[in-house]
Amino acid sequence: MNYEEKILTSLAESYRKSRKDSGENRIKRRTQAKPEKFYKKYKANDGDFQEISKLNQAVEALSKKGFVTSRAETFGTQLQCIYLVDEKIREVEEYLGEKYGYVSKDRKLQWLQELVERYQKASPACQKVCAGLEKCITERRLPQNLKELEDVLKAIAFLEKNQENLYIREASMKIYGDSKYLENVTLEPVCRMLRRYAGRTSREELLDEILLDYHIQREPGKLCIKGNAEISISGKEVDISGFTEGMEFLSSDLPQISKVKIRAAKFMTIENRTSYLRYSDADTVTFYLGGYAHRYQRNFIKLVSEYNPNLEFFHFGDIDAGGFWIHHNLQEITGVKFGLFAMSAEELENPAYAGCLQPLSENDRSRLQELRKVESYRETVEYMLEKNVKLEQEIVSLDLMKGKSPFYFPPICSNIS
């Protein structure tokens, strides 16, 4: 954007988000913006004089058009503030639309009304969504998910009428003509809306499990298990201890499994594939998760717990917010108590991993603040926050298997970028 477009767009958006737009404002306050919003170094000693001049010239040109006014410093030429001439808001939006393709709030509300008329009778959930949108239109509020809204309603309308057993990518082709669009773009908002209007709040379900109610499922995933165990499937006993790299079977075969006998003291879920392949222990049966446990993994773990009452359960994952939340969710949806394996401050302090530590993001810090309230995580989480570190598990599993695998190489960590 050039300065003219930036200034007018910012002021127009500010006006439309204010109570002036709905006529509810009681305090007369001018719609304004500081010049630093458009050029951060406007008042800085090292600011680019040419950029400052361009900004000043843009304000002057817009003032001549009658769109803005401004206030300059008492002694000097620098601008203190830029103001929208509120009475010109429609002219400003028309000018932006004609010259820059700007879409005004009125046009967005009109489009929203057209969307409501198109989908309000499409299905029961669509009707409820549209009732909420009509309220938004009346109150001149734009929903946050405006851009994806039509695609979401299109999917909901299809799903509520669907009676055919489909995989997610097949459904996506029928809805959008694109096999990956539902999975990659609209799956989360579609499932959230369906759950909200169906009153589904169970924490035992993953978000997209509600799609099963509409005959839609993911392609069967694989359940991966390794160690000294015996699985009773379709009336036959399968000893998996001879498979050194473990055994994989489709989640669709789970209903045929009647019993799982663990001939070891411990059963451990592992978050990442590489660590699952790397780690082995004669007295531990390992089970690959790949992230948050889905319903088939959850049901398999429940089966293991049911037939092995004295078994100890552990989880091994990344030492980061995601790793701890996966552990937290795992216990919640299975009802099984899992200990933490190699996920402590001790690993973070290990000199062998020093070069592999990564700094926390703002999102990491936010998620860790919630986790520090849980006693079992508190010590490690506080260390992570204090030292600003996190660690992926692959280097830990590699080090734990030192000398125990023909593929072992000593861990070499570097932060070279």
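Note that the coordinates shown come from a computational prediction; the quantities given were computed from them, not determined experimentally.

Caption draft 1: Up close: the sheet that holds strand β7 (residues 229-233). If you trace the 3 strands from one edge of the open sheet to the other, you get β8-β7-β10, paired in antiparallel fashion. A strand with exactly one partner marks an edge of an open sheet, and here the two such strands are β8 (236-239) and β10 (257-262). Sheet twist, expressed as the average angle between the axes of neighbouring strands with direction ignored, equals 20°. Of the pairings in the sheet, the one linking β7 to β8 comprises 4 bridges and is antiparallel in character.

Caption draft 2: Main features of the sheet that holds strand β13 (residues 312-316). The strand order β9-β6-β12-β11-β13-β14 describes an open sheet built from 6 strands, whose pairing is mixed. The strands lining the two open edges of the sheet, one partner per strand, are β9 (247-250) and β14 (339-340). Relative to β9, strand β6 (residues 222-226) runs antiparallel, the two sharing 4 bridges. Looking at the pairing, Leu 223 lines up with Phe 249 of β9. The sheet contacts of helix α11 (residues 321-334) involve β11 (266-270), β13 and β14, and relative to β13 the element is tilted by about 150°.

Caption draft 3: Layout of the packing of helix α10 (residues 295-307) against α11. Relative orientation of the contacting elements α10 and α11 amounts to 65°, with a least axis distance of 10 Å. Judged on the interaxial angle alone, α11 and α10 are roughly perpendicular. Between α10 and α11 lies a crossing of right-handed hand. Here Arg 298, Ile 301 and Lys 302 of α10 come into contact with α11, specifically with Leu 330, Ile 333 and Thr 334. Along the lines of polarity and charge, the residues of the contact of α10 with α11 split into 3 nonpolar, 1 polar and 2 charged.

Caption draft 4: Structural context of the environment of Leu 79. Within the element layout of this structure, Leu 79 appears in strand β3 (residues 79-84). Among the residues examined, Leu 79 registers a relative accessible area of 8% and is labelled buried. For the pair Leu 79 and Ser 305, spaced 226 residues apart in sequence, the C-alpha to C-alpha distance is 70 Å. Contact partners of Leu 79, with chain neighbours within four places excluded, come to Pro 35, Tyr 42, Lys 43, Asn 56, Val 59, Ser 70, Arg 71 and Ala 72.

Caption draft 5: Summary view of the packing of helix α5 (residues 124-138) against helix α6 (residues 149-161). Running from N to C, α5 and α6 cross one another at 150°; their axes reach a closest spacing of 8 Å. Taken together, the axis directions place α5 and α6 in an arrangement best described as roughly antiparallel. Residues Pro 124, Ala 125, Cys 126, Val 129 and Leu 133 of α5 pack against Leu 149, Leu 153, Ile 156, Ala 157 and Glu 160 of α6. Class assignment for the residues of the contact of α5 with α6 results in 9 nonpolar, no polar and 1 charged.

Caption draft 6: How the structure looks around the pairing of β13. Buried residues dominate β13, accounting for 4 of its 5 residues. Pairing of β11 with β13, which is carried by 5 bridges, proceeds in the parallel orientation. For Phe 267, the partnering residue across the bridge sits in β13 and is Phe 313. Summarising the sheet, β13 and β14 pair through 2 bridges and their orientation is parallel. In the strand pairing of β14, His 315 is matched with Leu 340. Handedness of the crossover is the feature at issue here: the chain leaves β13, passes through α11, returns alongside β14, and the resulting connection is right-handed.

Caption draft 7: Just the nonpolar core, in detail. The biggest cluster of nonpolar side chains holds 34 residues, and the ones touching the most others in it are Leu 153, Ile 156, Leu 194, Leu 211 and Ile 216. Secondary structure elements with two or more residues in this core: α4 (105-119), α5, α6, α7 (168-176) and α8 (181-198). Not counting the four nearest positions on each side in its chain, Ile 156 is found in contact with Ser 123, Ala 125, Cys 126, Val 190, Met 193 and Leu 194. Ranked by size, the runner-up nonpolar core spans 32 residues in total, among them Met 343, Ala 345, Leu 348 and Val 396.

Caption draft 8: Looking closely at helix α1 (residues 3-17). Its 15 residues place the ends of α1 21 Å apart at the C-alpha level, agreeing with the 21 Å of an ideal helix rising 1.5 Å per residue. Burial runs high along α1: 11 of the 15 residues are buried. Every buried residue belonging to α1 is among Tyr 3, Glu 4, Glu 5, Ile 7, Leu 8, Thr 9, Ser 10, Leu 11, Ala 12, Tyr 15 and Arg 16, and all of these are buried. Lining the buried residues of α1 we find β1 (32-33), α2 (49-64), β2 (68-72), β3, α3 (89-100) and α4. Capping of α1 at its N-terminal end is provided by Asn 2; its side-chain oxygen lies 3.2 Å from the backbone amide nitrogen of Glu 4.

Caption draft 9: Seen up close, the pattern of salt bridges. Applying the stated criterion to the full structure yields 28 salt bridges. One salt bridge connects Arg 218 with Asp 208, and the closest N-O pair in it is separated by 2.7 Å. A residue pair is termed long-range when its members are at least 10 positions apart, and Arg 218 in the loop between β5 (216-217) and β6 and Asp 208 in the loop between α8 and β5 qualify at 10 residues. Connected through shared salt-bridge partners, Arg 16, Arg 90, Glu 93, Asp 106 and Arg 140 make up one network.

Caption draft 10: Expanded view of the packing of aromatic side chains. Summed over all chains, the structure comprises 12 aromatic pairs. Here the aromatic rings of Tyr 279 and Phe 341 are separated by 5.5 Å at their centres, their planes lie at 65°, and the arrangement is edge-to-face. Of this pair, Tyr 279 sits in the loop between α9 (273-278) and β12 (284-288) while Phe 341 sits in the loop between β14 and α12 (345-349), placing them 62 residues apart in sequence. Residue classification places Phe 341 among the partly exposed positions, given a relative accessible area of 22%. Connected via pairs of aromatic rings, a cluster forms that spans Phe 249, Phe 267, Phe 287, Phe 300, Phe 313 and Phe 338. Above the plane of the ring of Tyr 83 lies Arg 30, whose end atom (NZ or CZ) is 3.8 Å from the centre. The ring centre of Tyr 288 lies 5.5 Å from the NZ or CZ of Arg 273, which sits over that ring.

Caption draft 11: How the structure looks around the environment of Ser 14. Looking at where Ser 14 falls in the secondary structure, it is placed in helix α1. The spatial distance from the C-alpha of Ser 14 to the C-alpha of Thr 31 is 6.8 Å, given a sequence separation of 17 residues.

Each value, and the rule that gives it
Residues numbered from 1 in each chain as written. Predicted model: local features only at pLDDT ≥ 70, side-chain atom pairs only at ≥ 80, totals over all residues. Heavy atoms only, no water. Pairing = 2+ DSSP bridges. Helix = DSSP H or I, 4+ residues; strand = E, 2+ residues; numbered from the N terminus. Axes fitted to C-alpha atoms, helices over the stretch in contact; angles between N-to-C directions. Contact = heavy atoms within 4.5 Å. Parallel < 35°, antiparallel > 145°, perpendicular 65-115°, else oblique. Left-handed = near helix turned anticlockwise from the far one by under 90°. Nonpolar A, V, L, I, M, F, W, Y, C, P; charged D, E, K, R; others polar. Buried < 20%, exposed > 50% of the residue type's maximum accessible area, 1.4 Å probe, protein only. Right-handed = clockwise from strand over helix to strand, strands pointing away. Core = buried A, V, L, I, M, F, W, Y, C linked by side-chain atoms within 4.5 Å. Expected span 1.5 Å × (residues − 1). Polar contact = N/O pair within 3.5 Å; in protein donor to acceptor, adjacent residues only side chain to side chain. Salt bridge = Lys/Arg side-chain N within 4 Å of Asp/Glu carboxyl O. Phe/Tyr/Trp six-rings, centres within 6.5 Å; stacked < 30°, edge-to-face > 60°. Lys NZ or Arg CZ within 6 Å of the ring centre and 35° of its normal.

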